[in-house]
Amino acid sequence: MEEDPETGNSSRAERKALEKAKILQRERERMVFRLVGRALKKPESERSEEEAAALLLHREAVEELCRRQIRRNVLKRKQEEVFDDANELKGKVKQLAAAVKQANHLVVYTGAGISTAASIPDYRGPNGVWTQLQKGQAISSSDLSKAEPTVTHMCIRELHKEKLVKHVVSQNCDGLHLRSGLPRSALSELHGNMFIEVCTGCSPVREFVRLFDVTERTSLHRHGTGRRCSQCGSELRDTIVHFGERGTLEQPLNWKGAAEAATEADVILCLGSSLKVLKKYPCLWSMNRPANKRPKLYIVNLQWTPKDDLAVLKIHGKCDNVMSLLMEELNIQIPKYSRAEDPIFNLATPLGPEEIQSHTREVLVAPDEQAGPTAKNEQPLEETTSLQGGWFGRGYSKGRRAKKKKLHN
């Protein structure tokens, strides 16, 4: 049966008319919102008769803009950093020290906030990666391998040594927990480690610890590092878990260790984490238990977190300050980081001669090696105006796309 040409033309004309009507309607709505928005910004006494009439006529637009403003204010408050005064901070740390002493199975969850003292940017702080990207600002390049374990890293290591901390669950990829001397059996690096690349072609998965950041060429869904396994020849991949990915590697993620630790925990201490990602992992919070049977939660963070209402205690302070006070209360000496004792030098697998030029990232050098054979042959780190690839790559590309979209609208 043949289609009536006139009917076909009529249908196309109707569709075009309908699309045009929708476009005009959206434009009218935008004009109303602009008009109402300008009027609401003025004090009531300064509004013209036309503006006052517009507010009365477009009540729905007024209500919607007011709701948006409330949401913006709430979000702004959540992003603000709050500091407890000195006396309040000491009082709260005493409560935390009592909880640490009484805990049978204390588990520590750490986020980017414990590494900011090592000049590694966090994500959602005032100068964080996501915060700057949302403002349309470029992210300056950082050589993250130059960072060393902070006071907080060393405190956690010592608390584990004193058997006060049973397990550490980290979202950080900087490898600083490992470099502090914390045993790998007591560590779950849920989002990977920038110093570790693996061969998934070998069974079991073969691991290669390097003395440089292996994520130079990697990004979301692109994990090949360009080097190959010395045993089977398969391409090596990084261990980083980007936003939108699911981590399946046994190590260094150690999800089994994290889940078991959470199951046994009676106290959880969260340090420097916004918890916006960790909250999405139900197995870490024992939410299937009644509230009175869950681990007691203590949070150290300068900003709001989605778990604040569930916390026994929220401490608004920098992690290094809080942990220093805590160790003082517990009468435990804080060990200093020593590069000579950094485990990464014993764990590292040296590159083959053909791999020396396979990266441009700076290599960690042990104190007793002024300029070893590997270091001499390394190319200097390339200077860039913004972070490219690596474990910050996903956020960078996401920010660029958002900025371009905004410019085109």
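In case you missed it, the structure is sitting above this.
Residues numbered from 1 in each chain as written. Predicted model: local features only at pLDDT ≥ 70, side-chain atom pairs only at ≥ 80, totals over all residues. Heavy atoms only, no water.

A. Spatial organisation of helix α4 (residues 86-102). Relative to the 24 Å expected for 17 residues at 1.5 Å per residue, α4 spans 25 Å between its end C-alpha atoms, a close match to the ideal helical length. Among all positions of α4, only Leu89, Lys92, Val93, Leu96, Ala97, Ala99 and Val100 are buried. The buried residues of α4 occupy an angular sector of 160° when projected down its axis, which confines them to one face. The exposed residues of α4 that point more than 90 degrees off its buried face are Asn87, Lys94, Lys101 and Gln102. Buried positions along α4 lie against β1 (106-110), β8 (267-271), β9 (296-300), β10 (313-315) and α9 (319-329). One side-chain oxygen of the residue at the start of α4 lies 3.2 Å from the amide nitrogen of Asn87, identifying that residue as Asp85. (Helix = DSSP H or I, 4+ residues; strand = E, 2+ residues; numbered from the N terminus. Expected span 1.5 Å × (residues − 1). Buried < 20%, exposed > 50% of the residue type's maximum accessible area, 1.4 Å probe, protein only. Arc of directions from axis to C-beta. Contact = heavy atoms within 4.5 Å. Polar contact = N/O pair within 3.5 Å; in protein donor to acceptor, adjacent residues only side chain to side chain.)

B. Up close: the packing of helix α6 (residues 151-161) against α9. Between α6 and α9, the shortest axis-to-axis distance is 8 Å and the interhelical angle comes to 35°. As α6 runs across α9, the sense of the crossing is left-handed. Taken together, the residues of α9 that come into contact with α6 (itself represented by Val151, Thr152, Cys155, Ile156, Glu158 and Leu159) are Cys319, Asp320, Met323, Ser324, Leu326 and Met327. Of the residues assigned to the contact of α6 with α9, the class counts are 8 nonpolar, 2 polar and 2 charged. (Axes fitted to C-alpha atoms, helices over the stretch in contact; angles between N-to-C directions. Left-handed = near helix turned anticlockwise from the far one by under 90°. Nonpolar A, V, L, I, M, F, W, Y, C, P; charged D, E, K, R; others polar.)

C. Layout of the pattern of salt bridges. Inspection of every chain in the model, using the stated rule, returns 16 salt bridges. Note that Glu197 and Arg227 form a salt bridge whose closest N and O atoms lie 2.9 Å from each other. Highlighted residues: Glu197 in strand β4 (residues 196-199) and Arg227 in strand β6 (residues 224-228), separated in sequence by 30 residues. Here Glu197 matches Arg227 in class, with each residue buried. When the shortest N-O distance is used, the salt bridge between Arg361 and Asp213 registers 2.8 Å. (Salt bridge = Lys/Arg side-chain N within 4 Å of Asp/Glu carboxyl O.)

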